Structure formats: C-alpha cells, structure tokens
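Descriptive analysis of the structure
So the chains spell out like this:
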Amino acid sequence: MMAKSFNELIKNFAVIRNYVREFYVYGFKQREDFKAKSGRSYDNERRRIESYLREYVEVEQQGSGKALRLFIDPNEVTENPMFAVWQAKSFTKNDVFLHFVLMDIFQVGEAYSVNQVLARIDADYLVHFRDGFMIEPLTLRKKLAEYVALAVLRREMRGREVYFSRVVSVMLSDRARRAVQFFKEMAPVGVLGHYLLQQEDAMDSVFSYKHYFVMHTLEEQVCLDLLAAIREERWVVLMRFGRERGLGFMPVKLLVSAQSGRRYVVGKSKKGQFFAFHRLDQIERVEIAEVATDFEMEKEHFDEVRKFMWSAGFDRRVVHTLCVTLAIDEIREAYMLDRIRMEGRHGTLERLTSKRFVFRIETYDLNGMKPFLRTFMGRIVALDSGDEAWER
C-alpha cells in the first residue's frame, strides 16, 4: 500500500500559524514538544515551514533527534518573510481550472451573465478535455460569488439578469509604491500591500528596519476582522487557542506595543468588564455578531481613560500621580532628556536646576512603568506616587 503523499498546501491557516509562532518565539522545538497533535501532524507542519521559510530555518541536533527553530535577522531583510505563509492555501481541481479560465474570459471592460460564462467554458475550454470533465452551474455560481466577495469581480443587475465584470487592477505611482513598501511592513494588514506590489512585480524595497516585528503577519485575518467589527460597531465572538467556548466581546480599539510589537484589542466583554485586553496572537479567529447599540458611548469612555494609560495592563480604579526626581546633567547628558521627552508618553519633564529634573505623569499603571523607570537606575533621586508599597 502506497504511503500518502505530502501536500504542502494549507487547509486550516490557524494550524500552521500556531506552529510558526512556536518555532519562531520559543526557539528550538522537537517532535516530542508538541503533545497536542500526532507525530505525523508535527512532521507535516514542520515540512511546510521548511518549504515556505527555508532560508530562515535553523536545525540543531539534540540527544534524541533534531530540533528546529526560525531565525529572522531584521537587518538582513527588507520584506517580512512570513508573507509567504499566506500564499499556500489548498485548492481543488475545479478551483484551479475556474481561476485561470475566468481570468481569461473576463477581460477588462467585458461583462457576462452566468449562462454566458458557462457557454464560453463549454465551447472554448472543456471541448479540449477528453476525460468527461464538467463544470456544474452551481459550482460556477459559487466561484463567481466568491470572486465578488474578494473584489476580483463586480456584480451588477442589467434588467432582470445578473452580470459580472472584472475589477480593474490598482496601478500605483512611484510615490504610492514607495509608501506601500514602507507601510506593508509597519501597518496592520500589511500583507495586502504585499499582494498589491506582487501585481506590479515591484518587490525591490529601499527600506530596512531597526525595530522590526515579523510575527504580526500571522494575525492579519484576526486584525482585519476586528477592524471590520469596529467600523461596523458590532459585537464579536473571540475564539481563542486552546479554548472551546467563544468569548462575547465589543472591540473598541486596536493597540500596538512600541516595545514588543504585540498587538491588543481593547473593548468590553459580555460580562460587563470594561476595557479588557486580549492579545491578537492568542485569538484563533473572530466571528462577527450583532450590532452594538452602546458602541459610541464606550468609545468616548475609552478615549477618556486612554489619556492615563501607560501600557495594556491597568487598574481603572485609581489614577496615580507619579513624580520622579532625576539627576541628569543637561549639558553632558542632553540625550537623556531627549529620550524622556520621546519615550515618556503623556508625561511632562520639569527643570529644577541644571542637574535636577522632575518627570511627572498621571497613570493607572504604575507596574507597567517599571521597565521604563529601571533604565534610570542610579539617577533616581526620589519617587513620589502615593503608593508606598509600590515605591518599596
């Protein structure tokens, strides 16, 4: 009996997304480290990763076998390599046939009904097949509806008949092309910019990045669905990895950490918890639900709360006024003052003397400020927050 051949195409993106995240974030992984799936599943996903990202795969021999990890040096790339993972969806024989046939039939400026398209397929394409291959009208209708949803085709009524036509490809100017090359690496849903540039074969970017977070690419569908829900002011159901039950949630804002690159959705849970945070990399998928009648009120409420936020974690019950007296020489260490002004968010810097300054901020999140304050160890003369336990 022949062994089943390996297929590198993806049916469920959530599966490969989870494996890529494990290999990239948590380093060298062996077959035995993945207990949730069978050994064969691990082998298949590992081989897919090696196929898509072969330049970035590192293998280490460890005791009982080899372990794999992904290493991507941001100084060596001008485009996120993980865009490749999105371009390996599985498809059927009908999918392949209809894609190329429809792109051939629907030349720019031409429109056809379903029956006209079916007649063209029979007369111009299927006539060359001798194996009895047929396309059913229902299959064609589903494919046309799918391409309308993807904005590849346009649907319009002409009298009582439905006609389809091809959407004209986006043509980018040189300035727009440069803008897309930058923002596809920096902005949410950047994979769409990658697709635009592929149409023009314009992949030669002039940009390189110091702080570069490639992992967000794996969350693009989740991000897009949440942005759609925010725009339409709807509740969603968040399906999280490792959880069987979904979580009812009203998304209000997406936030990105400038320190870690992690992305969060902030909003209100069905249980009434205001401004709960969820990391996008822990969400498997998003299901759009009913319209949120109090969306605008919650958004305005969050905009007020946001003025006192430092990071994604906070205690809304108390706004702390924190004053940090710092020993900084304004002549020799001017760069320190510049850094505080750039990284101190909504805080203010007050000069006492040429060697004494006070950083003052109102915030819910004293604990979230600890990493920032640690960078001034040895310069902190005094701390005053109104919270003695935290100060100790």
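Up top is the structure these notes are about.
Since this is a predicted model, take the numbers as computed values, not measurements. (Residues numbered from 1 in each chain as written. Predicted model: local features only at pLDDT ≥ 70, side-chain atom pairs only at ≥ 80, totals over all residues. Heavy atoms only, no water.)

**Topic: the overall build of the protein chain**
Across its full length, the protein chain carries 12 helices and 14 strands. Taking 2.2 N^0.38 as the reference for a compact globule, 392 residues should give roughly 21 Å; the C-alpha atoms of the protein chain span a radius of gyration of 27 Å, well beyond that estimate. About 23,200 Å² of surface is accessible on the protein chain, with carbon and sulfur atoms providing 50% of the total. When the 62 basic and 57 acidic side-chain charges of the protein chain are each reduced to a single mean position, those positions are 2 Å apart. (Helix = DSSP H or I, 4+ residues; strand = E, 2+ residues; numbered from the N terminus. Rg over C-alpha atoms; globule rule 2.2 N^0.38 Å. Areas by Shrake-Rupley, 256 points an atom, 1.4 Å probe, with all protein chains shown as cover. Lys, Arg positive; Asp, Glu negative; His and termini not counted. Charge placed at Lys NZ, Arg CZ, Asp CG, Glu CD.)

**Structural notes on the pairing of strand β13 (residues 356-363)**
Sheet analysis places strand β11 (residues 320-327) next to β13, joined by 8 bridges and oriented antiparallel. Paired with Val-324 across the bridge in β13 is Phe-359. Hairpin connection, strand β12 (residues 348-353) to β13: the antiparallel pair is bridged by 2 residues. (Pairing = 2+ DSSP bridges.)

**A few points about the nonpolar core**
Among the nonpolar cores identified, the biggest contains 26 residues, and Ile-16, Val-20, Phe-23, Ile-49, Leu-53, Leu-70 and Met-82 are the most heavily contacted of them. Taken together, the elements giving at least two residues each to this core come down to α1 (13-25), α2 (39-52) and β2 (65-70). Both domain 1 (13-86) and domain 3 (174-212) contribute no fewer than three residues apiece to this core. Among all residues touching Ile-49, those that are not within four sequence positions of it are Ile-16, Tyr-19, Val-20, Phe-23, Arg-54, Val-57 and Leu-70. (Core = buried A, V, L, I, M, F, W, Y, C linked by side-chain atoms within 4.5 Å. Buried < 20%, exposed > 50% of the residue type's maximum accessible area, 1.4 Å probe, protein only. Domains from an automatic or database assignment. Contact = heavy atoms within 4.5 Å.)

**As for the sheet that holds strand β5 (residues 161-166)**
Neighbouring strands of a sheet are bound in pairs by backbone hydrogen bonds; such pairs are parallel or else antiparallel. The strand order across the open sheet built from 3 strands is β3-β5-β4, with neighbouring strands paired in antiparallel fashion. One side of each edge strand has no neighbouring strand; the edge strands of this open sheet are β3 (111-113) and β4 (153-158). Each strand axis lies, on average, 35° off the axis of its neighbour in the sheet, ignoring direction. The sheet contact formed by β3 and β5 spans 3 bridges and is antiparallel. Residue Ala-111 lies in a different strand from β5, and its bridge partner there is Ser-165. Relative to the sheet, helix α5 (residues 137-149) contacts β4 and β5, its axis offset from that of β4 by approximately 110°. (Axes fitted to C-alpha atoms, helices over the stretch in contact; angles between N-to-C directions.)

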